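# Fold and contact review
These are the residues of each chain, in order.
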Amino acid sequence: MTAPEPAAAFEAVDLRRSYQLDGVSVDALRGVDLRIGQGEFVAIVGPSGSGKSTLMHLLGCLDRPTSGVLRVGGVDVATLDDTRLAELRNRTIGFVFQSFHLLARTPALDNVALPLVYRGVPKAERRARATAALRAVGLGHRLGHRPSQMSGGEQQRVAIARALVGDPKVVLADEPTGNLDTRNGEEVMGLLERLNADSGVAVVLVTHEAEVAARARRRIHVRDGLVEADSGGAGR
Ligand SMILES: Nc1ncnc2c1ncn2[C@@H]1O[C@H](COP(=O)(O)OP(=O)(O)OP(=O)(O)O)[C@@H](O)[C@H]1O
Ligand SMILES: [Mg+2]
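Residues numbered from 1 in each chain as written. Chains lettered and ligands numbered in written order. Predicted model: local features only at pLDDT ≥ 70, side-chain atom pairs only at ≥ 80, totals over all residues.

## Notes on the nonpolar core
Core analysis: the biggest nonpolar cluster contains 64 residues, and Ile44, Val112, Leu134, Ala161, Leu172, Val203 and Val204 have the highest contact counts within it. With 6 residues, helix H5 (residues 152–164) is the single largest residue contributor to this core. Leaving out residues up to four positions away in the same chain, Leu172 has contacts with Met56, Leu59, Gly60, Ile93, Phe95 and Val204. (Core = buried A, V, L, I, M, F, W, Y, C linked by C-beta atoms within 7 Å. Buried ≥ 20, exposed ≤ 12 C-beta atoms within 10 Å, placed from the backbone. Helix = DSSP H or I, 4+ residues; strand = E, 2+ residues; numbered from the N terminus. Contact = placed C-beta atoms within 7 Å.)

Dropping the structure here:
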């Protein structure tokens, strides 16, 4: 007998999201069908305003679809109340943002440990896990530095450590290299690739940069709220 196939990281069926703005409805996503398997490395690309961030917010359980089905790790998000949805998000997903979103005057160690505070992890364990996560991104020598004392590349690596400290299945990154120069951008990409290869965490990133997109194994092209093309993937 073969083992049952693990649930996909994400499955979307006819996923839609509309925003109401001054009495006008903006259809940001207009029926997205998508399957992203565990452990994939995917780039989402497309013009400004095409719905990439909207899609990332839905995948990350920060927002709910207007209609359609979204399953995260096999769980239909429509069956979860807000508390359960937040729990699913906390144990499944790590986020990395273009502008890092770190507490500027708080030491790196405490920035990284913060998600564990919300989970009720005891202090000694928080410090041990945050230290390990910072070592994993090559910042074991910067535990006491504050983000305001760090380079952009270092700050993004702290943010990646924070995304990883809760042991997520997926890291979602919206323009993770958008505020970095070429060298730091390459370092961050190399780090995401290594994490994906070594620990099997899936990576889904949005990028405008062709060189960044070219490094992903699969590229999903979004246009006008629809998936226009999907190339190079295995998880379909
Ligand atoms: N909170 C909101 N309220 C109203 N409209 C919104 C909201 N968020 C996004 N939109 C609209 O939805 C569409 C998709 O926006 P989205 O932010 O997903 O695009 P994007 O592909 O991420 O663009 P960019 O590359 O510029 O970041 C746009 O037309 C945008 O104006
Ligand atoms: Mg965006």
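## Observations concerning the site of ligand 1
Contacts to ligand 1 come from Tyr19, Leu21, Val26, Ala28, Gly46, Ser48, Gly49, Ser50, Gly51, Lys52, Ser53 and Thr54. Within the residue set of the shell around ligand 1, elements represented by two or more residues are strand E1 (10–21), strand E2 (24–36) and helix H1 (52–59). Looking at which element gives the most residues to the shell around ligand 1, the answer is H1, with 3 residues. Across the shell around ligand 1, the residue classes tally to 4 nonpolar, 7 polar and 1 charged. (Near = placed C-beta within 6 Å. Nonpolar A, V, L, I, M, F, W, Y, C, P; charged D, E, K, R; others polar.)

## Observations regarding the sheet that holds strand E4 (residues 67–72)
Strands sit in the order E2-E1-E4-E5 across an open sheet of 4 strands; the sheet is antiparallel. The open sheet has two edge strands with one neighbour each: E2 and strand E5 (75–76). (Pairing = 2+ DSSP bridges.)

## Things to note about the pairing of strand E9 (residues 218–223)
Looking at chain direction, strand E3 (residues 41–45) and E9 are connected through 4 bridges and run parallel. Residue pairing across strands places Val45 opposite His221, the latter belonging to E9. When E9 meets strand E10 (residues 226–231), the two strands line up antiparallel, connected through 5 bridges. When the sheet's bridge partners are listed, Arg219 is paired in E10 with Ser231.

## Let's talk about unusual backbone geometry
Despite not being glycine, Asp14 has its phi angle at roughly 50°, a positive value. Structurally, Asp14 is set in strand E1. By C-beta crowding, Asp14 is classed as partly exposed, having 13 other C-beta atoms within 10 Å. The backbone phi angle of Cys61 is positive, close to 60°, even though this residue is not glycine. Tracing the backbone shows Cys61 in the loop between H1 and E4. Of the residues examined, Cys61 has 23 C-beta atoms within 10 Å and is grouped as buried.

## Structural notes on the sheet that holds E3
The 6 strands lie next to each other as E6-E7-E8-E3-E9-E10, forming an open sheet whose pairing is mixed. The open sheet has two edge strands, strand E6 (93–97) and E10, and neither has a second partner. Between one strand and the next, the sheet's axes are offset by a mean angle of 20°, whatever the strand orientation. (Axes fitted to C-alpha atoms, helices over the stretch in contact; angles between N-to-C directions.)

## With respect to the environment of Leu139
Inspection of the secondary structure assignment puts Leu139 in the loop between helix H4 (123–136) and H5. For the pair formed by Leu139 and Leu109, sequence separation is 30 residues and the distance between their alpha carbons is 9.9 Å. Discounting chain neighbours no more than four positions away, the residues touching Leu139 are Ala108, Leu134, Glu154, Arg157, Val158 and Ala161.

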